[in-house]
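Observations on the three-dimensional arrangement
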Amino acid sequence: MASETFYEVMRRQGITRRSFMKFCSLTAASLGLAPAFASKIANAMETKPRTPVIWLHGLECTCCSESFIRSAHPLAKDVVLSMLSLDYDDTLMAAAGHQAEAALEEIKKKYKGNYILAVEGNPPLNEDGMYCIQGGRPFVEVLKETAADAKAIISWGACASWGCVQAAKPNPTRATPVHKVITDKPIIKVPGCPPIAEVMTGVITYMLTFDRLPELDRQGRPKMFYGQRIHDKCYRRPHFDAGQFVESWDDDGARKGFCLYKMGCKGPTTYNACSTMRWNGGVSFPIQSGHGCIGCSEEGFWDKGGFYNRVTNINQFGIEANADKVGGTLAGVAGAAVVAHAAVSALSRARSGKTEQGEK
Amino acid sequence: MSVDIASNADLETAAGNTVYVYEAPVRLWHWINALSIVVLAVTGYLIASPLPSVGGEASDNFLMGYIRFTHFTAAYVFAIGFLVRLYWAVVGNHHARQLFLLPLNDAKWWAGIWHELRWYFFFEKLTQKYVGHNPLAHLCMYLAITVGGLFMIVTGFALYGEGAQEGHWSHALFTSWVIPLFGQSQSVHSWHHLAAWGIVIFIMIHIYAALRWEFMSRQTVISSMISGTRTFRE
């Protein structure tokens with residue numbers, strides 16, 4: 001079974017050669033590859049044994065899985081049933097309990113150093129990891145064990161990549177992103193809350209097809225999906241450049257589809273593919289639905305102040321205020337001090353002028 | 001004037017004496033800088049808090065685009081000016097170097113700061129005389145313009161490189177490491193914005209202090225940044 005290729009599995013699933021080729025073309029297109037790559041993908045899938053994937057769930061809300069199973073290009077069923085052997089995913093798999101744990105052990109042994117570990121959610125480290133128990137053990141232990149023999153790790157979503165809301169200040173459970181716990185494995189971050197379905201399947205397809213990580217940026221995100229900001233490809237961008245903004249919800253600008261910048265849209269500071277790939281099979285994305293981006297794929301987005309403010313709060317000084325409030329207040333104080341100082345200077349000069357005249 | 005009883009410094013700062021301090025490139029840089037900072041502060045504020053929406057078709061307007069263009073142009077002026085000024089610090093006279101070096105080991109310099117603070121709090125009647133920048137001004141200018149200016153250039157071009165995207169020099173030089181350093185772009189925006197306020201506050205105090213020195217000290221200050229020469233009184 002270990003030597004079974006992707007193609008063989010697909011044929012076994014009753015997929016025709018024709019459908020297989022279509023699938024390869026679609027996948028190449030969704031990865032932004034040239035048409036010539038369709039045959040390369042086909043070749044890879046015909047010759048390479050399929051790589052097993054273990055999908056672990058830590059402290060999370062399962063929105064990544066919910067997103068993943070809605071992938072349209074490629075269809076999640078194709079990915080799950082044909083492409084990757086998603087051998088262990090306690091949410092999606094049929095087995096449960098001891099049976100499931102046995103499957104996990106088997107894969108770890110059989111494919112030692114050869115499987116991909118996909119992590120959804122993160123381990124909380126406080127109290128020896130007792131805030132997230134899985135199969136009777138702290139998740140952090142399961143994660144470390146499973147990661148030890150993995151070829152590479154995928155950090156699904158903002159939880160695994162950055163920490164997300166469970167890591168929000170003061171982070172009582174010490175929820176910690178995967179890359180801070182596992183430091184000796186290649187980790188690819190696929191942030192977002194959740195990540196876009198096609199981005200998830202695209203990343204996993206790329207890794208299985210080419211047997212390597214896609215090109216990553218400095219923060220460990222695949223450049224092909226996180227190389228540009230929402231703002232760079234936003235269809236409302238012309239309104240931004242024109243200076244046409246939604247000033248309040250349901251105003252004329254909102255009805256006309258003006259830029260949501262003033263409503264706190266984080267599109268200009270968020271690296272993700274929402275404005276190009278969109279959601280739910282390309283139907284829409286938050287900005288298209290009239291709400292600003294909240295920057296859910298960015299590190300610390302949950303602790304950066306309001307979703308509806310352009311100039312957001314900074315907490316560095318133990319106070320919650322934005323740059324304009326801090327700076328404006330200080331400038332006001334400085335201005336008042338200057339005026340007061342000038343007045344005192346003039347007064348004391350006038351007084352000393354009199355005495356100096358007397359002395360001279 | 002007898003040479004043997006007074007040091008050269010005393011001679012230079014003797015009442016009625018005039019010394020050439022600020023060379024033409026330094027003065028020119030000062031005023032170009034002043035103008036670019038004003039433009040940067042105003043347009044920067046308008047980028048963070050845009051003007052009320054304009055009507056009509058998006059294709060007929062480019063208000064935000066022009067504001068950002070102005071900001072970026074002024075930023076280039078500021079940054080290139082900074083580089084040219086660095087060059088001049090090397091080839092210019094020793095006063096041109098002062099802005100980029102703090103004499104932290106110089107007890108006299110610290111004493112000068114203390115004396116000046118006392119002067120500002122009305123404990124001292126007279127200022128000491130300085131051919132170059134006075135110590136307190138030296139410290140403040142170093143923090144606001146040398147360090148602050150560099151911070152604005154680095155964070156500013158990091159943000160600029162986000163829009164210019166990968167392949168642009170600003171992305172390779174700044175964006176690629178500054179954004180990860182701060183964690184994310186929004187934090188860079190916040191700190192860039194806060195530091196801008198710091199420079200605005202510096203300018204308020206700088207102008208007031210320059211005026212006060214012009215009128216209340218024993219040396220020229222504002223006219224020195226125009227003519228380049230410093231004349232001493234009393």
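Model, not experiment: these values are computed from the prediction.

Residues and elements named next belong to chain B. By the element assignment, Q219 lies in the loop between α8 (185-216) and α9 (224-227). Owing to a relative accessible area of 2%, Q219 belongs among the buried residues under this scheme. For Q219, the residues in contact, after removing those within four places along its chain, are Q128, K129, Y130, G132, W213, E214, R230, T231, F232 and R233.

Moving on to the domain arrangement of chain A. All names here are of chain A. When the domains of chain A are assigned, the result is domain 1 (6-226), domain 2 (230-303) and domain 3 (332-360). Just the C-alpha atoms count here: the centres of domain 1 and domain 2 sit 28 Å apart. With 23 residues of domain 1 at the contact, the number on the domain 2 side is 16 residues. For domain 1, the biggest contributors to the area lost against domain 2 are W162, I196 and Y226; these three give 34% of the whole. Applying the counting rule to domain 1 against domain 2 returns one salt bridge. The partner of E298 in a salt bridge is R221, and the shortest N-O contact between them spans 3.5 Å.

Moving on, we get to the pairing of strand β3 (residues 115-120) of chain A. Residues and elements named next belong to chain A. Among the six residues in β3, six count as buried, and that is most of the element. Along β3, one buried face is formed by Y115, L117 and V119 and the opposite face, lined by I116, A118 and E120, is buried too. Where strand β1 (residues 52-57) lies against β3, five bridges are found, and the strand directions are parallel. Looking at the pairing, L56 lines up with V119 of β3.

Within β1 of chain A, six of the six residues are buried, leaving the element largely enclosed by the surrounding structure. Where burial is concerned, the two faces of β1 of chain A agree: the one with P52, I54 and L56 of chain A and the one with V53, W55 and H57 of chain A are both buried.

Here is what the cut-offs are and how they apply
- In this convention, every chain numbers its residues from 1, walking through the sequence in written order.
- Chain labels run from A onward and ligand labels from 1 onward, assigned in the order the entries are written.
- Reporting in this predicted model follows two pLDDT cut-offs: at least 70 for local features of residues, and 80 or more for side-chain atom pairs to be given and counted; totals over whole chains, interfaces and linings ignore these cut-offs and use all residues.
- The side-chain figures draw on all heavy atoms in the structure; neither hydrogens nor water molecules are used.
- The way it works is that DSSP assigns letters per residue, a run of H or I at least four long becomes a helix, a run of E at least two long becomes a strand, and they are numbered from the N terminus.
- Throughout, exposure labels follow a simple rule: accessible area from a 1.4 Å probe, protein chains only, divided by the maximum for the residue type, with under 20% read as buried, over 50% as exposed, and the rest as partly exposed.
- Residue contacts are counted whenever heavy atoms from the two residues lie within 4.5 Å of one another.
- Note: domain ranges come from an automatic or database domain assignment.
- Accessible-area loss on putting two parts together, using a 1.4 Å probe and summing over both, is the definition of buried area adopted here.
- A pair is scored as a salt bridge if a Lys or Arg side-chain nitrogen falls within 4 Å of a carboxyl oxygen belonging to Asp or Glu.
- When DSSP finds at least two bridges between two strands, those strands are taken to pair.

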